[in-house]
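Structure at a glance
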Amino acid sequence: MDSSGPVGPGCRGGALSARPECSPHPSDSTQLVQECLKQFEVTEAQLRQIQASLLGSMEQALLGQNGPAPAVRMLPAYVGSTPHGTEQGDFVVLELGATGASLRVLWVTLTGTEGSRVEPRSREFVIPPDVMLGPGQQLFDFAARCLAEFLEALPVHSRTLPLGFNFSFPCHQTGLDQSTLISWTKGFKCSDVEGQDVVRLLREALKRQGVTSLSVVAVVNDTVGTMMGCDPGLGPCEVGLVVDTGTNACYMEEARHVAALDEDRGRVCVSVEWGSFGDDRALGLVLTPFDHALDLESLNPGAQRFEKLIGGLYLGELVRLVLAHLAQHGLLFGGCTPPALLSRGTLGLEHVAELQDPSAGTARVLTVLQSLGLSPGASDVGLVQSVCMAVSTRAARLCATALAAVLGRLQHSREQQALQLSVATGGRVLARLPRFRSLLQETVMLLAPECSVTFIPSEDGGGRGVAVVTAVAARLAAHRCLLEETLAPFRLDQEQLVVVQAQMREAMAQGLRGEASSLRMLPTYVRATPDGSERGDFLALDLGGTHFRVLLVRVAAGGVQITSQVYAIPEQVAQGTGRQLFDHIVDCIVDFQQRQGLSGQSLPLGFTFSFPCRQLGLDQGILLTWTKGFNASDCEGQDVVTLLREAIGRRQAVELNVVAIVNDTVGTMMSCGYEDHRCEVGLIVGTGTNACYMEELQNVAGVPGDSGRMCINMEWGAFGDDGRLSVPSTCFDASVDRASINPGKQRFEKLISGMYLGEIVRHILLHLNSLGVLFRGQQTQRLQSRDIFKTKFLSEIESDSLALRQVRAILEDLGLPLTSDDALVVREVCQAVSRRAAQLCGAGVAAVVEKIRENRGLEELAVTVGVDGTLYKLHPHFSSLVADTVRALAPRCAVTFLQSEDGSGKGAALVTAVACRLAQMARV
Ligand code: G6P
Ligand code: BGC
Ligand code: BGC
């Protein structure tokens, strides 16, 4: 700003020049001075305009509709709750940026008991100017050395202390300990830091400086520290206001209003970063030429315009510019402009505080001015004080306007007209300029009369608040470790999966040779997949999955038509007597025939019986053992076709021709084989799990013939029942197995299938609850009940399209008292359990397709796997994880997974149709 700038009427742009040698007439000078100071007056109308415009920018930013130069940033601060008061322990806090050219280190002890306080120990270190403007590494090394020096004298012993990093600059936070600097403010301009994660930079510096006794667990903005430092006894502070070298505020916003967050419940702390308000010229109407001059000479011209009207780093400079201007126009200091008056930074906040302090008295003001190399006359004192007052009054009123905008936002966000809340305040401007605080309160009451606001000065500049956030972060970090520890055994790496694949291959070979093996490798007497020439109407039963179905399958030239009816198998029937079970099955068949007008017709029937059966022929299957919650008596060791025929026999006037009994894996393979002739593997991942495939007959001991192929039902659910499965069994798996009706059996199935995954998750959640990681460690009765956590919840909770809020809804319906962090943890547990299941399933499929490839001596094999089962079909990631695992473990097999549309009932009908065709051919 050149000395010929405007001073009187029309100052803004007027070309009046006054030189000491021609000082104006006294009456003119007063008027000229008043006009000059008048520029700092902001009318109520203007304040209300700024209030509205700031509120508008805040709501735009919350919606994520920021323009290129965001007026305000509204940055979520990953602090979801105000302190419980239960936080305790020793914490180290590093404060950088709150108080300009100094950093502060604190040792804060939280007692965890309300009202009892231990005075923090702290030390301030002045930051050399070249460090504030030099390479970032230098700044962080400086900070690390200060920490080391501070800790030297303290009882660290061999502990690792949690450190909270109070970093008072605009940052995009992506976690409690992850924060990327957007841009420097307040006299800092270090290189290679903007766009970087400042926690990483600090950790690296601590390492370089050999400081090993600190672990950085949280980074916090000073406004957040100020808010969190509020004594909970004084009622929750939901706004943090800082006016020190810079200025800013944070407040607790409804999470659902923050577009950047995927959360709709609870509140989250948002750092407004109002310092940049006006960077989009919204402040044009109140900016004076002095403001523009200050901005141009600042380290960040055009940025932080609002801050430059309020922050303590700038108030002194503004006063200096005005004083220099008045002096240059002979209106002050007799027109003298000593170098001190013309050089930047001569006046600081302390000077403004002293100069305008009404109790200071003329003598004190003269002393201060003289100490600055000025030679003031007594008549100058009043004018200097008026200039200080004008500048700081404007600052206080503008700060109040911004705070009123935040209160307006809170009214909107809480849909409340009248608000009662506490605002925690921090910073030397508020502390040192007494008029500032009272003006702030008055103006807030003027602009937000419905809000009754209590201002609570923070006692230690937010150090305690940062320690509280650090305590919360430390707790969350500890929880993270416990969670990692708990889930680590579920994370299987490629090497482990290769071993599982090899172990399955070995068990397959032993089973095929008829040697002892956990894989029974049961011949199914299905020798061929359909060739499309099958024809006729068939009845089919489908027992063993989630639903029991009776189907009418019409196989015609144009394709297959299916009519089916689902029937329930009550638990007391599934676990009653065999007679009851098969009579129930026949009842359903009879009901179905009546509904379909088939009564009295004896259609060929294919029976999908999804349990391990040793087949002696297509229509003979000895049940080896029940699985999946079935346990009807007098069935194991029996031919289930006979049991069915006997039940038919017990029912008058019912005639059924049971032609084939097939396993659901075989039915699925056949059903998909009808669509895709390369389908030679059947896979079920539903209530239970299993697979079958077309094996070379010569490899099947116990079945005559060595040419051609036969479908083998692997019964892989039992894989590992002989203890030869190296996948670590966790205590949760053991709990599920112990509580099952077949403990020690179906080991592989209990790691993979739908009947068990929900229970595994439930046991893990109980464990994490007992560790205090979940549900704040509160005992949750509901979670004690078996099967309350359905496997379908995994599919829902892991769905990408499901926002966290919906995850919460599912869990709240279960009566679980959870926080948003809990919902994230539950989702992670589900992911770990289902991922292990899918990988193990993939390792199994890889073993099977590699067996087929080697059987046929092929370099490459292209094969289709027919799949069915609720878990595989409904889980959002299961199928792709299986496919990824197969690709990794069987790279020479191009495997297509074909989901069966009509279930294995159709497959059973096709097996029956093939049998009838072969029988037909045999008869002619
Ligand atoms: C389909 C098949 C059944 C099979 C079931 C397995 O429904 O038709 O034969 O048993 O899938 O899946 P689930 O999830 O029902 O146990
Ligand atoms: C920074 C804020 C900080 C404020 C008060 C501003 O310059 O951008 O992050 O809260 O100063 O220290
Ligand atoms: C049974 C298999 C069946 C699988 C899928 C297992 O429990 O033993 O026979 O194929 O579940 O339903």
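Residues numbered from 1 in each chain as written. Chains lettered and ligands numbered in written order. Predicted model: local features only at pLDDT ≥ 70, side-chain atom pairs only at ≥ 80, totals over all residues. Heavy atoms only, no water.

Threshold: UniProt positions are given in the numbering used here, feature names are shortened, and annotations may be inferred rather than shown by experiment.
As recorded in an unreviewed UniProt entry, the protein goes by the name hexokinase, listed as coming from Echinops telfairi. Of the comments in the UniProt record for the protein, the one headed Sequence similarities (unreviewed entry) reads "Belongs to the hexokinase family."

Digging into the packing of aromatic side chains
As a reminder, the rule being used: Centres within 6.5 Å make a pair out of two Phe, Tyr or Trp rings, where for Trp the six-membered ring is used; the pair is then stacked when the planes are under 30 degrees apart, edge-to-face when over 60, and tilted otherwise. Strands here are runs of E lasting at least two residues and helices are runs of H or I lasting at least four, both read from the DSSP assignment and numbered beginning at the N terminus. Burial status follows relative accessibility: with a 1.4 Å probe on protein chains alone, a residue under 20% of its type maximum counts as buried, one over 50% as exposed, and anything between as partly exposed.
Following the criterion strictly, the structure yields 23 aromatic pairs and no others. An angle of 70 degrees between the planes, with centres 5.1 Å apart, marks the rings of Phe169 and Phe188 as edge-to-face. Taken together, the positions of Phe169 in the loop between strand S5 (161-167) and strand S6 (171-175) and Phe188 in the loop between strand S7 (178-181) and helix H5 (198-208) put the pair 19 residues apart, joining distant regions of the chain. For the residue pair Phe169 and Phe188, the accessibility class agrees, reading buried in each case.

A short note on the nonpolar core
For the record, the criterion: We call a set of buried Ala, Val, Leu, Ile, Met, Phe, Trp, Tyr and Cys residues a nonpolar core when their side-chain atoms join them within 4.5 Å.
Leu241, Tyr251, Trp274 and Phe436 are the most contacted members of the largest nonpolar core, which totals 95 residues. Considering every element that reaches this core, the biggest residue donor is helix H13 (residues 378-413), with 19 residues. Ranked by size, the runner-up nonpolar core spans 87 residues in total, among them Met508, Phe789, Leu814 and Val886.

Things to note about the site of ligand 1
Test applied: For this description, a residue counts as near a given molecule or strand if any of its non-hydrogen atoms is within 4 Å of it. Counted as a polar contact is a pair of N or O atoms within 3.5 Å, where, for protein atoms, one must be capable of donating a hydrogen and the other of accepting one, and residues adjacent in sequence contribute only when both atoms are in side chains. Only the protein chains shown count as cover for residues, and all accessible areas are computed by the Shrake-Rupley method using a 1.4 Å probe.
In the vicinity of ligand 1 there are 15 residues, among which Asp542, Thr546, Thr687, Thr870 and Ser904 approach most closely. Separating an oxygen atom of ligand 1 from a side-chain N or O atom of Asp664 is a distance of 2.7 Å. Taking Thr870, its side chain carries an N or O atom lying 2.2 Å from an oxygen atom of ligand 1. Relative to its unbound accessible area of 380 Å², ligand 1 is 92% covered by the protein chains.

Side note on the sheet that holds strand S24 (residues 709-713)
Going by this rule: Between any two strands, at least two bridges found by DSSP are needed for them to pair. Whether two residues touch is decided by their heavy atoms; if any such pair falls within 4.5 Å, the residues are in contact. Here an angle of 0 to 180 degrees is reported between the N-to-C directions of two axes, which are lines fitted to C-alpha atoms, with helices fitted over the stretch in contact.
Strands sit in the order S14-S24-S23-S22-S25-S26 across an open sheet of six strands; the sheet is mixed. Of all strands in the sheet, those bounded by a partner on one side alone are strand S14 (522-523) and strand S26 (893-899). Against the sheet, helix H21 (residues 664-675) makes contact with strand S22 (679-685), strand S23 (689-696), S24, strand S25 (861-868) and S26, and its axis sits at roughly 130 degrees relative to S22, the strand it touches most.

Topic: the packing of helix H17 (residues 494-512) against helix H29 (residues 878-889)
This is how the line gets drawn: Note on angle classes: values under 35 degrees are labelled roughly parallel, values over 145 roughly antiparallel, values of 65 to 115 roughly perpendicular, and the remainder oblique.
Interhelical geometry of H17 versus H29 gives an angle of 80 degrees and a closest axis separation of 11 Å. What the angle tells us is that H17 and H29 run roughly perpendicular. Within the contact between the two elements, H17 uses Gln494, Leu497, Val498 and Gln501 and H29 uses Thr885, Ala888 and Leu889.

Points about the site of ligand 2
Among the 15 residues in the neighbourhood of ligand 2, the closest are listed as Thr185, Asn221, Asp222, Glu273 and Glu307. Residue Glu273 places a side-chain N or O atom 2.5 Å away from an oxygen atom belonging to ligand 2. In this structure, an oxygen atom belonging to ligand 2 sits 2.7 Å away from a side-chain N or O atom of Glu307. Compared with its free state, where it exposes 310 Å², ligand 2 has 100% of that area covered by protein.

Concerning the pairing of S5
Within S5, seven of the seven residues are buried, which leaves the element mostly enclosed by the surrounding structure. A two-sided burial pattern is seen for S5, the buried positions comprising Leu161, Leu163, Phe165 and Phe167 on one face and Pro162, Gly164 and Asn166 on the other. Strand direction decides the pairing type here: strand S2 (residues 88-96) and S5, joined by five bridges, are parallel. Bridged to Leu96 within S5 is Phe167. Alignment of S5 against strand S8 (residues 214-220), held across six bridges, turns out to be parallel. Note on S8: the bridge partner recorded for Leu161 is Leu214.

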